[in-house]
Amino acid sequence: MIKVKNLLKDIRQCTICEAHLPLDPRPIVSAHKDSKIVIIGQAPGLKVHTTGIPWDDPSGKQLRKWLDVTDELFYDETKIALVPMGFCYPGKGKSGDLPPRPECAPQWHQKLLDQMPNLQLVILIGMYSQKYYLKEKAKRTLTETVAEYKTYLPNYFPLPHPSPRNRFWLTKNPWFEKEVIPELQEKVSQILK
């Protein structure tokens, strides 16, 4: 059986979608056989591509607030795995980054998840991960899926993207920070104790 370390090495050398990338491939991922929570986001932005550190941007700062975890805990791969839908920066689109490349998740996700026997929660950030993992159980819109988060527990916890671009969504949906975030924090705290 392939070990997580070897698998991560393979992922970090992956060039499967190189022809479609604006920059050289630089797969960004963090995981460990002991990870208890996996956060599945979209794809690294340009800053993360540059630093090589997952969620090393304003979105990551907001996500850590939502989870109520320190940077140290967030980046402790024995506790939290950080696995995007697309491992490399996909490039700029009209209104933000392009969607994650579709090759990564089918190629690598299940192999990685199979190596994390202590996994207790998969946090699905944004529509791409929610559609991929929840399949027909995902609601028509991200808002509906997040509002129905309890139906996906105990395995999955869907969230909107914590990007500063989502300020309008957060203002329009005050129930999210009032009801969903406290439950998310409670669940994360229980798992990481």
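Reference entry: report on the structure contained in this document. The numbering scheme is per chain: residues are counted from 1 as the chain's sequence reads. Two thresholds apply to this predicted model, a pLDDT of at least 70 for residue-level local features and 80 or more for giving and counting side-chain atom pairs, whereas whole-chain, interface and lining totals are computed over all residues. As a convention, hydrogens and water are excluded, and side-chain values are obtained from all of the structure's heavy atoms.

### Digging into the nonpolar core
Working definition of a nonpolar core: buried Ala, Val, Leu, Ile, Met, Phe, Trp, Tyr and Cys residues. They are joined through side-chain atoms within 4.5 Å. For the exposure calls, accessible area comes from a 1.4 Å probe over protein chains only, and a residue counts as buried if that area is under 20% of its type's maximum, exposed if over 50%, partly exposed in between. With 27 residues, the main nonpolar core has I39, I123 and L159 as its most contacted residues. Here a helix means four or more residues in a row that DSSP labels H or I, a strand means two or more in a row labelled E, and each is numbered from the N terminus. Residue assignment for this core shows that the elements contributing at least two residues are β1 (37–40), α3 (58–67), β2 (80–82), β5 (121–125), α7 (142–147), β6 (156–159), α8 (167–172) and α9 (175–192). If you tally residues by element for this core, the top one is α9, at 7 residues. Within the second largest apolar cluster, 25 residues are counted, among which are L7, C14, V38 and M116.

### Let's talk about the environment of W175
Note that W175 resides in helix α9. By relative accessible area, which is 21% here, W175 ends up partly exposed. Separated by 28 residues in the primary sequence, W175 and A147 place their C-alpha atoms 8.5 Å from one another. Contact criterion: two residues are considered in contact whenever any of their non-hydrogen atoms come within 4.5 Å of each other. With sequence-adjacent residues up to four places away left out, W175 is seen in contact with T143, V146, A147, W169 and V180.

### Observations regarding the packing of aromatic side chains
Ring pairs shown here join Phe, Tyr and Trp side chains whose ring centres sit within 6.5 Å, with only the six-membered ring taken for Trp; geometry is labelled stacked below 30 degrees between planes, edge-to-face above 60, and tilted in between. Throughout the structure, instances matching the rule amount to 8 aromatic pairs. Their ring planes at 45° and their centres at 6.1 Å tell us that Y133 and Y156 sit as a pair that is tilted. Residue Y133 is located in helix α6 (residues 127–134), and its partner Y156 is located in strand β6; the two are separated by 23 residues in the primary sequence. A centroid spacing of 6.4 Å and a plane angle of 85° characterise the contact between W175 and F176, whose relative ring orientation is edge-to-face.

### Here's the deal with the environment of L21
Take L21: it is sitting in the loop between α1 (4–12) and β1. What makes L21 buried here is its relative accessible area of 12%. For L21 and Y89, which are 68 residues apart along the polypeptide, the C-alpha to C-alpha distance reads 7.3 Å. Sequence-distant contacts of L21, defined by excluding residues within four places in its chain, comprise C88, Y89, P90 and R101.

### Points about the layout of surface pockets
Grid points spaced at 1 Å over the protein atoms alone were grouped into cavities, where a 1.4 Å probe fits but cannot get out, and pockets, open sets with protein on both sides within 12 Å along at least five of seven lines, with lining residues defined by an atom within 4 Å of a point. Grid points are joined across faces, edges and corners, and a volume is the space filled by probe spheres set on the points. Of the voids in this model, the largest pocket is the one considered here, and its volume is about 980 Å³. Together, 40 residues line the largest pocket, and Q42, S59, D97, H161 and S163 are the ones closest to its centre. Of all elements in the fold, only α2 (46–51), α3, β4 (96–97), α6 and α7 reach the threshold of two or more residues within the lining of the largest pocket. The class makeup of the residues in the lining of the largest pocket is 23 nonpolar, 12 polar and 5 charged. What the second largest pocket holds in volume is close to 200 Å³. Residue lining of the second largest pocket: K3, V4, K5, L8, R12, A31, H32, K33 and E77, and that is the complete set. Under the scheme applied here, ten amino acids are nonpolar (Ala, Val, Leu, Ile, Met, Phe, Trp, Tyr, Cys and Pro), four are charged (Asp, Glu, Lys and Arg), and all others, including Gly, are polar.

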